Amino acid sequence: MEPLSWTGALGTFLNPAFGIAVICLLASAFIQMVLSFTASPMRMQSNADGTLVKRGGFLGMFEQTTQAALWAVILVILGYIAVGALMPYGQAGIIGAMSKQFFPVWILLTVMFVLSIAFKRHLGLYGKLFDSIVGMIGFGLVMFWVFTAILAGAFDMLATFDPLTQVSGLKNKTPGVTVPDGTVGSIPHYLLGGDNLARDIFSRMIHGSTIVVAIAPLATLFAFMVGITLGLPAGFYGGRLDTILSFLANLILAFPVILLFFLLVTPEIVNSPIPTVMAMVLFIFPLIFFAVLLNSRYHTQPAKRTPILVVVLGVLAWLYLSLISQEGTSVAFLPNWFDLFDINSGILVVFVSVVFVNSPTVYRIVRGLALDLRTRDYVAAAQTRGEGAWYVMLWEILPNARGPLIVDFCLRIGYTTILLGTLGFFGLGLPPESPDWGSTINEGRKLLLIFAHPALPPAIALLSLVLGLNLLADGLREESLKD
Amino acid sequence: MGLFILRRLGVMILTALCLTFVVFWLTNLTPNLEKLAKTQGNFRMSDEAVTSYLTNRGYKQSLPQKYGQWLGVLPGYVIEGSDGETRGRCVAFEQPIEEAPRFCGILQNEWGFSTVFKEDVSTIIAKRLALTGKLMFWVMMVMVPGALIIGVLAGMREGSGTDRSLSTVSIISTATPEYVSGVVFIAAFATPLFGMQYFKGTATAAMDDANFINFFLPVITIALYGMGYIARMTRASMTEVMTAQYIRTARLKGVNFRTIVLRHALRNALIAPFTVIMLQFPWLLNGVVIVETLFNYKGFGWTLFQAASNNDIELLLAVSVVSVFVVLVTQLISDIGYVFLNPRIRIS
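This next bit is on the overall build of chain A. Scanning chain A for helices and strands turns up 18 helices and 4 strands. The principal-axis extents of the C-alpha atoms in chain A amount to approximately 75 × 70 × 45 Å. Out of the 483 residues belonging to chain A, those deemed buried represent 51%. In chain A, the share of contacts with a sequence separation of at least 24, taken over all contacts with a separation of at least 6, comes to 70%. Counting every atom, chain A has about 22000 Å² of accessible surface; 69% of that belongs to carbon and sulfur. The averaged location of the 26 negative side-chain charges in chain A is 9 Å from the averaged location of its 26 positive side-chain charges.

Ranked by internal contacts, the top residues of the largest apolar core, which has 188 residues, are Phe261, Phe262, Phe283 and Phe426 of chain A. Per element, the largest residue contribution to this core is 14 residues, and it comes from helix H14 (residues 313-341) of chain B. Split by domain, this core shows at least three residues from each of two domains, domain 1 (2-108) and domain 2 (121-347) of chain B. Setting aside residues up to four positions removed in sequence, Phe283 of chain A forms contacts with Phe222, Tyr320, Leu323, Leu348, Phe351 and Val352 of chain A. Core analysis: the second largest hydrophobic core is formed by 21 residues, Phe289, Leu373, Ala382 and Leu398 of chain A among them.

All names here are of chain A. Look at helix H6 (residues 133-154) against helix H7 (residues 201-237): their axes get within 8 Å of each other, and the N-to-C directions meet at 105 degrees. One element, H6, and the other, H7, form an angle in the roughly perpendicular class. Across from Trp145, Val146, Thr148, Ala149, Ala152 and Gly153 in H6, the residues of H7 making contact are Met205, Ile206, His207, Ser209, Thr210 and Val213. A breakdown of the residues in the contact of H6 with H7 according to their chemical character gives 7 nonpolar, 5 polar and no charged.

Let us look at unusual backbone geometry. All names here are of chain B. Unlike most non-glycine residues, Asn109 shows phi in positive territory, near 65 degrees. With relative accessibility at 52%, the residue Asn109 sits in the exposed group. Positive phi is not limited to glycine here, since Asn311 has a value of about 55 degrees. Looking at where Asn311 falls in the secondary structure, it is placed in the loop between helix H13 (300-309) and H14.

Further remarks concern a nonpolar patch on the surface. All names here are of chain A. Taken together, the side chains of Leu86, Phe103, Ile107, Val111, Leu115, Phe119, Leu123 and Tyr126 define a hydrophobic patch exposed on the protein surface, amounting to about 730 Å² of accessible area. When residues of the nonpolar patch are assigned to their parent elements, the largest contribution, 4 residues, is made by helix H4 (residues 103-118). Following the sequence through the fold, Tyr126 ends up in helix H5 (residues 124-128).

Under the 1.5 Å per step criterion, the end-to-end length of helix H2 (residues 57-86) of chain A is 43 Å for 30 residues, consistent within 8% with the ideal 44 Å. If you check which residues of H2 of chain A are buried, you get Leu59, Gly60, Phe62, Glu63, Thr66, Ala69, Val73, Val76, Gly79, Tyr80, Gly84 and Ala85 of chain A.

This paragraph deals with the packing of helix H5 (residues 121-156) of chain B against H13 of chain B. Residue and element names in this part refer to chain B. Running from N to C, H5 and H13 cross one another at 135 degrees; their axes reach a closest spacing of 7 Å. Here H5 lies oblique to H13, going by the angle between them. In contact with Ile124, Ile125, Arg128, Leu129 and Thr132 of H5, H13 contributes Phe300, Gly301, Trp302 and Thr303. Looking at side-chain class alone, the contact of H5 with H13 contains 5 nonpolar, 3 polar and 1 charged residues.

Once that is clear, we can look at the interface of chain A and chain B. Residue-level contacts link 43 residues of chain A with 57 residues of chain B. Both sides together, the interface formed by chain A and chain B hides about 4500 Å², and carbon and sulfur atoms give 78% of it. Summed over the shared surface of chain A and chain B, the result is 2 salt bridges. The residue Arg232 of chain B makes a salt bridge to Asp474 of chain A at a minimum N-O spacing of 3.1 Å. Across the contact surface, chain A and chain B share 5 residue pairs in polar contact (both at pLDDT 80 or more). Residue assignment for the side of chain A that touches chain B shows that the elements contributing at least two residues are helix H1 (11-38), helix H8 (239-254), helix H9 (257-264), helix H10 (267-271), helix H16 (402-425), helix H17 (437-445) and helix H18 (456-481) of chain A. Broken down by element, the side of chain A that touches chain B gets its largest block of residues, 10 residues, from H18 of chain A. Split by residue class, the side of chain A that touches chain B holds 32 nonpolar, 6 polar and 5 charged.

A few words now on the pattern of salt bridges. Side chains that carry opposite charge are capable of pairing whenever their charged atoms lie near each other. Residue and element names in this part refer to chain A. This structure, assessed with the given rule, holds 16 salt bridges over all chains. The shortest N-O distance in the salt bridge between Arg199 and Glu443 comes to 3.7 Å. Taken together, the residues Arg199 in the loop between strand E4 (189-190) and H7 and Glu443 in helix H17 connect sequence positions 244 residues apart. For Arg199, a relative accessible area of 3% gives the class buried. Using a relative accessible area of 17% as the deciding quantity, one classes Glu443 as buried. Residues joined by salt bridges that share partners form a network here, namely Asp195, Arg199, Arg204, Glu443 and Lys446.

All names here are of chain B. When the domains of chain B are assigned, the result is domain 1 (2-108) and domain 2 (121-347). The C-alpha-based centres of domain 1 and domain 2 are spaced at 37 Å. Summing the contributions of domain 1 and of domain 2, the shared interface buries around 1600 Å²; its carbon and sulfur component is 80%. Of all residues in domain 1, Phe4, Arg8 and Met12 give up the largest surface area on contact with domain 2, accounting jointly for 34% of the area buried on that side. Linking domain 1 with domain 2 are 1 salt bridge, by the criterion used here. The interface formed by domain 1 and domain 2 contains 2 residue pairs in polar contact (both at pLDDT 80 or more).

We now examine the layout of surface pockets. All names here are of chain B. There is about 1400 Å³ of room inside the second largest pocket. Forming the walls of the second largest pocket are 40 residues, and the residues nearest its centre are Tyr77, Gly88, Arg89, Val91 and Glu314. Looking at the lining of the second largest pocket, the elements that each hand over two or more residues are helix H2 (30-40), helix H4 (63-71), strand E2 (86-88) and H14. Considered class by class, the residues forming the lining of the second largest pocket number 17 nonpolar, 12 polar and 11 charged. When residues are assigned to domains, the lining of the second largest pocket turns out to be shared by domain 1 (2-108) and domain 2 (121-347), each giving three or more.

Criteria and thresholds
Residues numbered from 1 in each chain as written. Chains lettered and ligands numbered in written order. Predicted model: local features only at pLDDT ≥ 70, side-chain atom pairs only at ≥ 80, totals over all residues. Heavy atoms only, no water. Helix = DSSP H or I, 4+ residues; strand = E, 2+ residues; numbered from the N terminus. Buried < 20%, exposed > 50% of the residue type's maximum accessible area, 1.4 Å probe, protein only. Contact = heavy atoms within 4.5 Å. Areas by Shrake-Rupley, 256 points an atom, 1.4 Å probe, with all protein chains shown as cover. Lys, Arg positive; Asp, Glu negative; His and termini not counted. Charge placed at Lys NZ, Arg CZ, Asp CG, Glu CD. Core = buried A, V, L, I, M, F, W, Y, C linked by side-chain atoms within 4.5 Å. Domains from an automatic or database assignment. Axes fitted to C-alpha atoms, helices over the stretch in contact; angles between N-to-C directions. Parallel < 35°, antiparallel > 145°, perpendicular 65-115°, else oblique. Nonpolar A, V, L, I, M, F, W, Y, C, P; charged D, E, K, R; others polar. Patch = residues over 30% accessible without salt bridge, like charges linked within 9 Å, V, L, I, M, F, W, Y side chains within 5 Å. Salt bridge = Lys/Arg side-chain N within 4 Å of Asp/Glu carboxyl O. Expected span 1.5 Å × (residues − 1). Buried area = accessible area lost by both parts, 1.4 Å probe. Polar contact = N/O pair within 3.5 Å; in protein donor to acceptor, adjacent residues only side chain to side chain. 1 Å grid on protein atoms, 1.4 Å probe; cavity = no way out; pocket = protein on both sides within 12 Å on 5 of 7 lines; lining within 4 Å. Points joined across faces, edges and corners; volume = space filled by probe spheres on them.

Take a look at the structure:
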């Protein structure tokens, strides 16, 4: 087999088109920006017959050119992906081959977008997301990685080689290199080249997404549980409780994150009981949250409340106990047949420290929202009805604070992804051969000045996921403000 | 105002004590001390040897005691060791015990001795902080004006094309952590990969002689991540000011747009970003550690990385104290500055 070039036969006519479109976009955007300081802005003028006319002059013309050029760029990129996926293997170069590998993801994305846009008026805030271009782009990027992670992690699809297998002779080889005969893999090329241990960079990037997509949202969710359970009473009651909790939150916030990681995520601490103790404290909050949530709602109907609470708390408590009970540590109290899963202690400490760092910020946000919302009329109405304090907090204030919280949740997943990458970048916590993006960037940076290609794919993957989350949050904020 | 500053100072000192105690506790955990004993003594020490090594050097005292001595509020230990030698915390090399001072903690400006660099911690910190100071100065020079200009331009006409494109730029910059942008910049501009090898990929030479070629990439890498956030805050503040009543009055009076932005809106719009810029310092420390490690610029962040990965307890403690101090002081400045700049807030 021949080594692959980047675009193959597709490039002969798409590459020049792409170049021209990008140059047009940059030039037009630059001119538009310069003009916007002097020229008058575009205005809509309504005519007597009820039509609208855009009056923009020069500035308006360039604004339209920019938009057209942007669409052209997007179209060409879509062309690379779509045509590449349909052309036979090897004809459309590396990009085409990658697009072919991602074929199941494209199908899932298309199905999801078509269904969502078709029913967007019945889907609440989620449906409104499809009114904003920014939100759609962000959602697309996020879902791309979510689908990739699920397909690669649960069904073992997409990846072309084993992420840990080393193939001799492919060390630091450039993208598109042919693998020697007899290598176990679904295609005869290393699409993005080999890293310094001769492993396939493309497959490592795919498998890395599973780790990131599994840990980041879950850690954020736990941080939200902690922040909400503590922030609501602090904001609602105020007083001494608020003072103490806020001091503690400020204490953690004043701790430089990187320093905390260096102190907390070390092999010595991993082997000490500290992570387990922190996990015991932090992971109890979902239990408290759900217990209070359900009890405050149904405490007037004991016949309904007791079974619900027993089932929900039973399941949660089982998960909680399996989570913190680790074989071979000081807290191995569950018998093996009852213990659902054991978490690698390195991953546990990473998880715990990320939750620990994130929860004070969530606490502050929730506290601020509760302080603001507790003066509303519906809170007074509920209190007059005789509802308890926790009912007011969890069933009146929390649902009304959901807008900012959902937006912050998206942003915070992105931030958590960055933190996980930072940990990987310093080689903390996760095992060194782990394919997660931070660790791969760390591996790649060591020889960056000689072989730059191993560090770039995970870097761009991480960037696109975080960018997607930020754009999604921006779109959600815009749409939720329109209410 | 004076009472407010005093109260803030009190909270700050309490926070500093709590945080340094946590750092002290984490660095003085038994496994860390055992590792220290083994790296300082030899790696094949028996458990008894490790215990006597630690006992002789005062590491087996209770935690509050050790913390007090390190802080300099308790007299340093004098222990007659199991090997017959008498050691004291405050005894300098070859100094008789009687002449040694009683107290020697950070309050007496005794920061200890680094086991990695074989040098006094205070000299190392001073030298490395100066280098990082140079880096931070240039980062600020790039980041603050850049962010303010982007934010003001985007915020002065909300919803315009300029606003949308600049907002997208700032979202992209907040989504790019330093280790991603640094790697991408090095790959693009310091290797022959794309044929644009304009800059140097390491900044080691910039420690003595910083110039555009070897210092631009680290500076822009740190600046970019913070820039987007400050720009978004500036934009939010600017759009809020531009919808204020007094701006509308000025526009109705016929004041031209440039004067409104520069004379009327800008001053009020810059109050919020000031706080944000000050609160960016703790995050900048993140960037400093990453970038200095990536570009091999041997400043404060690099020292933190070295101290943490080599279990250099005294150096790590000193680095932590300095960074906690920087964070708290910037918080204090931002609080006071906010009150000072914004006449609408009165602290009684």
